[in-house]
Amino acid sequence: MIDLFQRSIFEENLALSFFLGMCTFLAVSRQVKTAFGVGVSLIVVQGISVPLNHLLYANFLAPGALAWAGMGDLDLGFLRLITFLGIVAAMVQVLEMVLDRFAPALHAAMGIYLPLLAINCAIIGASLFMVERDYTLAESAVYGLGTGIGWALAITAFAAIRERLRYADIPRGLEGLGAAFIVAGIMSMGFSAFVGVGLP
Amino acid sequence: MKPALKQIADPLVDKNPVAVHILGICSALAVTTSMSTALTMSVALTVVLVLAAGIISAIRAHVPSQIRIIVQLTIIATLVILADQLLQAFAYEMSQRLTVFVSLIATNCIVLGRTEAYAMRNPPLPSMLDGLGNGLGYSLVLMVVAAIRELFGAGSLFGVQVLATQAEGGWFVPLRLMLLAPSAFIIIGLLVWAMRVWRPRLAEPREFALRRPGKEARP
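Residues numbered from 1 in each chain as written. Chains lettered and ligands numbered in written order. Predicted model: local features only at pLDDT ≥ 70, side-chain atom pairs only at ≥ 80, totals over all residues. Heavy atoms only, no water.

### Re the overall build of chain B
In terms of regular secondary structure, chain B is built from eight helices and two strands. The linear arrangement of helices and strands in chain B, starting from the amino end, is α-α-α-α-α-α-α-β-β-α. The C-alpha extent of chain B, read off along each of the three principal axes, is 65 × 65 × 35 Å. The proportion of buried residues among the 219 residues of chain B is 49%. Pairs at least 24 residues apart make up 69% of the contacts formed inside chain B by residues separated by at least 6 positions. Surface summary for chain B: the accessible area is close to 10700 Å², and the carbon and sulfur share equals 68%. Computed over 18 positive and 11 negative side-chain charges, the inter-centroid distance for chain B is 9 Å. (Helix = DSSP H or I, 4+ residues; strand = E, 2+ residues; numbered from the N terminus. Buried < 20%, exposed > 50% of the residue type's maximum accessible area, 1.4 Å probe, protein only. Contact = heavy atoms within 4.5 Å. Areas by Shrake-Rupley, 256 points an atom, 1.4 Å probe, with all protein chains shown as cover. Lys, Arg positive; Asp, Glu negative; His and termini not counted. Charge placed at Lys NZ, Arg CZ, Asp CG, Glu CD.)

### Re the interface of chain A and chain B
With 38 residues of chain A at the interface, the matching set in chain B holds 43 residues. Across the chain A/chain B interface, buried area totals approximately 3800 Å², and carbon plus sulfur atoms make up 76% of it. Between chain A and chain B we count zero salt bridges in total. Across the chain A-chain B interface, the total number found is zero residue pairs in polar contact (both at pLDDT 80 or more). The set of elements that each furnish at least two residues to the side of chain A that touches chain B consists of helix 2 (14–17), helix 3 (22–27), helix 5 (80–102), helix 8 (121–132) and helix 10 (177–192) of chain A. Per-element tally for the side of chain A that touches chain B: the top contributor is helix 10 of chain A, with eight residues. When grouped by side-chain class, the residues that make up the side of chain A that touches chain B number 24 nonpolar, eight polar and six charged. (Buried area = accessible area lost by both parts, 1.4 Å probe. Salt bridge = Lys/Arg side-chain N within 4 Å of Asp/Glu carboxyl O. Polar contact = N/O pair within 3.5 Å; in protein donor to acceptor, adjacent residues only side chain to side chain. Nonpolar A, V, L, I, M, F, W, Y, C, P; charged D, E, K, R; others polar.)

### Some words on the side chain of Ser 41 of chain A
Turning to its location among the elements, Ser 41 of chain A is positioned in helix 4 (residues 32–61). Among the polar contacts listed, one links the side chain of Ser 41 of chain A to the backbone oxygen of Gly 37 of chain A, at a separation of 2.7 Å.

### A short note on unusual backbone geometry
All names here are of chain A. The backbone of Phe 19 shows a phi angle near 60 degrees, a positive value even though the residue is not glycine. Position of Phe 19 relative to the elements: it lies in the loop between helix 2 and helix 3. Taking the relative accessible area as the measure of exposure, Phe 19 reaches 4% and is therefore buried. We note that Asp 134 has phi near 55 degrees; this positive angle belongs to a residue other than glycine. Relative to the assigned elements, Asp 134 resides in the loop between helix 8 and helix 9 (137–165).

### Concerning the nonpolar core
Ranked by size, the top nonpolar core spans 110 residues in total, and within it Met 22, Phe 25 and Trp 151 of chain A together with Ile 105 of chain B carry the most contacts. Of the residues forming this core, the biggest block, ten residues, is contributed by helix 3 (residues 35–58) of chain B. Excluding residues that lie within four positions of it along the chain, Trp 151 of chain A makes contacts with Asn 13, Leu 14, Ala 15, Leu 20, Gly 21, Thr 24, Phe 25, Val 38, Leu 42, Asn 120 and Ala 122 of chain A. (Core = buried A, V, L, I, M, F, W, Y, C linked by side-chain atoms within 4.5 Å.)

### Structural notes on a nonpolar patch on the surface
Residue and element names in this part refer to chain B. Side chains of Leu 39, Val 43, Val 47, Leu 51, Ile 55, Ile 59, Met 128, Phe 158 and Val 160 sit close together on the surface and give an oily, nonpolar patch of about 720 Å² of accessible area. The element best represented in the nonpolar patch is helix 3, accounting for five residues. Relative to the helices and strands, Phe 158 is located in the loop between strand 1 (156–157) and strand 2 (160–161). (Patch = residues over 30% accessible without salt bridge, like charges linked within 9 Å, V, L, I, M, F, W, Y side chains within 5 Å.)

### Describing the confidence of the model for chain A
A residue-level look at chain A finds 96% of positions with pLDDT of 70 or above and a mean pLDDT of 83. By mean pLDDT, helix 7 (residues 114–117) of chain A is the weakest element of chain A at 72, and helix 9 of chain A is the strongest at 90. (pLDDT = per-residue confidence, 0-100.)

### Observations concerning the side chain of Ser 95 of chain B
Residue and element names in this part refer to chain B. Here Ser 95 shows up in helix 5 (residues 92–98). Classification of Ser 95 by relative accessible area gives buried; the value is 7%. The residues touching Ser 95, leaving out its near neighbours within four places in the chain, are Leu 87 and Gln 88.

### Topic: the pattern of salt bridges
Residue and element names in this part refer to chain A. Within the structure shown, the criterion is met by three salt bridges over all chains. Residue Arg 133 is joined to Glu 12 by a salt bridge in which the shortest nitrogen-to-oxygen separation is 3.1 Å. Of this pair, Arg 133 sits in the loop between helix 8 and helix 9 while Glu 12 sits in the loop between helix 1 (2–11) and helix 2, placing them 121 residues apart in sequence. Under the relative-accessibility criterion, Arg 133 is labelled partly exposed at 27%. When its relative accessible area of 19% is taken as the criterion, Glu 12 is described as buried.

In structure tokens, the structure reads:
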């Protein structure tokens with residue numbers, strides 16, 4: 001379990017080794033402060049949505065899951081994409097309302113990023129990976145949290161580098177996104193050095 | 001140039017969705033380890049994009065603007081599921097290699113971006129042409145990146161050996177790095193650089209100018 005957690009943060013980092021959530025990753029990494037806000041929001045959404053999607057998939061969509069309703073030979077697995085999209089969009093909406101009601105300060109800090117995360121491929125991607133790798137409920141909770149933390153870590157570090165990069169004199173055409181891609185590539189190399197790190 | 005032709009040609013270079021607008025990067029990076037996966041992905045995305053643009057623009061007058069995003073998402077997701085099922089039925093091996101990335105066409109910013117920005121405001125035919133152009137622009141970048149990665153990473157193109165590798169008695173030592181994640185980022189970064197040197201007006205405006213000793217700040 002700890003191994004899975006560690007692996008989902010570093011070795012299988014969603015942003016840097018599976019390229020998920022790249023649009024958001026590049027768009028909101030100009031400042032460390034906003035990047036951190038998005039990162040924390042993603043941890044929360046990811047930590048809730050992956051186990052939630054697991055429950056839904058295991059009880060309704062997986063082959064034979066509807067045996068309790070007398071439809072044991074039904075396989076609704078093909079509906080998972082559209083279901084996950086709906087769940088994540090709805091969850092983001094509910095989370096926003098709950099935060100607005102009970103934690104206005106947190107809502108003010110995270111609110112603007114939440115709708116952005118509704119169609120982030122990191123979230124949908126993690127849920128699809130969860131199905132593909134047959135995680136149990138506990139594993140999927142750990143996986144959701146781990147990938148969220150890994151993504152947040154990557155975007156915060158990336159934003160910090162980009163802030164510094166602004167003071168560098170880079171060739172005209174490479175400024176901005178070109179340099180950002182190359183920095184992400186070098187960071188990805190750094191993260192791949194974590195491959196094989198495991199607890200004894 | 002005829003307007004229809006221009007609509008297809010524009011997104012290839014000047015308004016390229018990947019290299020200029022930086023949309024749909026996730027899959028562009030992930031499926032480019034070999035040209036055959038990149039080609040499959042490009043075809044799947046282009047077909048989904050053209051059909052989604054056509055359908056959405058055909059019903060655009062009947063969709064209330066408050067729920068338009070969810071309507072678009074549902075249509076796109078349905079088309080993506082169809083594409084995924086077709087791949088699983090007729091090209092099972094390929095769908096195993098693409099894993100979740102076919103499904104992730106649904107959250108690809110290019111599709112939602114084009115339907116939201118173009119298809120919601122234009123009649124079906126121009127929308128489909130616009131979808132086709134953007135799909136081709138995406139495919140172009142994917143094929144270029146995949147060609148570089150496969151050629152230098154494995155010495156082959158479309159699985160056909162082009163450079164004789166050392167393992168088979170040739171001279172070429174495959175660069176393993178090319179098949180790993182970092183190279184994809186770096187190649188796209190260099191591609192963006194090349195595009196901006198070629199078409200300087202695509203470069204981003206400076207956030208602030210550098211001050212050089214003895215010179216005025218550059219604009």
